[in-house]
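Chain by chain, the residues:
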Amino acid sequence: MQIHSADFVTSSPDLDNCPESGLAEFAFIGRSNVGKSSLINTLTQKKDLAMVSATPGRTRLINFFLINRKWHLVDLPGYGYAKASGHHRNKFNEFVSDYLLNRTNLSCVFVLIDSRLSPQKIDLEFTQWLMEHEIPFVLIFTKTDKIKAGVLKQNMALFFEAMSEFCDGLPRSYDCSAKTGEGRKQILGFVEQALSNH
Ligand code: GDP
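Presented here is a report on the structure given in the accompanying data block. (Residues numbered from 1 in each chain as written. Predicted model: local features only at pLDDT ≥ 70, side-chain atom pairs only at ≥ 80, totals over all residues. Heavy atoms only, no water.)

**So, the overall build of the protein**
Next, step 1: Summing up its helical and strand segments, the protein has 5 helices and 7 strands in all.
Next, step 2: Moving toward the C terminus, one meets the helices and strands of the protein in the order β-β-α-β-β-α-β-α-β-α-β-α.
Next, step 3: In terms of overall dimensions, the protein is globule-like: its C-alpha atoms have a radius of gyration of 16 Å, near the 16 Å expected for 198 residues.
Next, step 4: Expressed as lengths along the three principal axes of its C-alpha atoms, the size of the protein is roughly 40 × 40 × 35 Å.
Next, step 5: Within the protein, the proportion of its 198 residues that are buried is 51%.
Next, step 6: Pairs at least 24 residues apart make up 75% of the contacts formed inside the protein by residues separated by at least 6 positions.
Next, step 7: Counting every atom, the protein has about 10,200 Å² of accessible surface; 48% of that belongs to carbon and sulfur.
Next, step 8: Positive and negative side-chain charges of the protein, numbering 22 and 21 respectively, have mean locations separated by a distance of 9 Å. (Helix = DSSP H or I, 4+ residues; strand = E, 2+ residues; numbered from the N terminus. Rg over C-alpha atoms; globule rule 2.2 N^0.38 Å. Buried < 20%, exposed > 50% of the residue type's maximum accessible area, 1.4 Å probe, protein only. Contact = heavy atoms within 4.5 Å. Areas by Shrake-Rupley, 256 points an atom, 1.4 Å probe, with all protein chains shown as cover. Lys, Arg positive; Asp, Glu negative; His and termini not counted. Charge placed at Lys NZ, Arg CZ, Asp CG, Glu CD.)

See the structure below:
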């Protein structure tokens, strides 16, 4: 897929205020610092597009970008910030779970995992939650340029092994580097394929 246009649409504090266009949506989520903004900028080839999401007041909102006037790229708040409380065991804020559970035009969630790290509890809990609620998702292992291929393979295998506790079969996954552009073509190809089925 070639990217012809990528424009900020709106920031939404809750599901009721999300755009009503009905366009297919592909959401990106991960722990803070996982490389989400860098990946969004690389995918859209628009330097600083995702900076919009990082402006004061927007970091905890759902940010929508219109791509090729055809689909929405949705930048969800990083779940590494939110503190878990007794009432809030899923460690990400309520309106994000509301969006994920109830947004009818959500096509797929891209869950970003830092490829340099061994499996992190919060990432596993989140993928388990997605599985339990039958929300379609794909894993993206980020920052692959920073590690050796063997370590990447090992960390991915450990992640899949941990997932096998609650999941039959392996989810689709991509390796990516915002620095080298690795994975860009594959991720956009996946979106294109999903759009053609929408
Ligand atoms: P976010 O908090 O998830 O949006 O993460 P950022 O995109 O802001 O990235 C966090 C840090 O990791 C920044 O210093 C980025 O330059 C760096 N980073 C992100 N992606 C990559 C990557 O693919 N390769 C390398 N080498 N650094 C990356």
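**Observations concerning helix 3 (residues 121-132)**
Next, step 1: Helix length check: helix 3 (12 residues) gives 16 Å between terminal C-alpha atoms against 16 Å at 1.5 Å per residue, within 8%.
Next, step 2: Among the residues of helix 3, Ile 122, Asp 123, Leu 124, Phe 126, Thr 127, Trp 129 and Leu 130 are the ones counted as buried.
Next, step 3: Contact partners of the buried residues in helix 3: strand 2 (25-30), helix 2 (94-102), strand 5 (106-114), strand 6 (137-142) and helix 4 (149-163).
Next, step 4: Immediately downstream of helix 3, the backbone of Glu 134 shows phi near 55 degrees, a positive value. (Expected span 1.5 Å × (residues − 1).)

**Some details on the pairing of strand 3 (residues 62-67)**
Next, step 1: Burial runs high along strand 3: 6 of the 6 residues are buried.
Next, step 2: The alternating pattern of strand 3 places Ile 62, Phe 64 and Leu 66 on one face and Asn 63, Phe 65 and Ile 67 on the opposite face, and all of these are buried.
Next, step 3: The sheet contact formed by strand 1 (residues 6-12) and strand 3 spans 6 bridges and is antiparallel. From the neighbouring strand, Ser 12 faces strand 3, where its bridge partner is Ile 62. (Pairing = 2+ DSSP bridges.)

**Thoughts on the packing of helix 3 against helix 4**
Next, step 1: The contact between helix 3 and helix 4 brings their axes to 10 Å, and the two run at 50 degrees. With respect to each other, helix 3 and helix 4 are oriented oblique. Crossing hand, helix 3 versus helix 4: right-handed. Each of Asp 123, Leu 124 and Thr 127 in helix 3 lies in contact with helix 4, whose residues at this interface are Phe 159, Ala 162 and Met 163. (Axes fitted to C-alpha atoms, helices over the stretch in contact; angles between N-to-C directions. Parallel < 35°, antiparallel > 145°, perpendicular 65-115°, else oblique. Left-handed = near helix turned anticlockwise from the far one by under 90°.)

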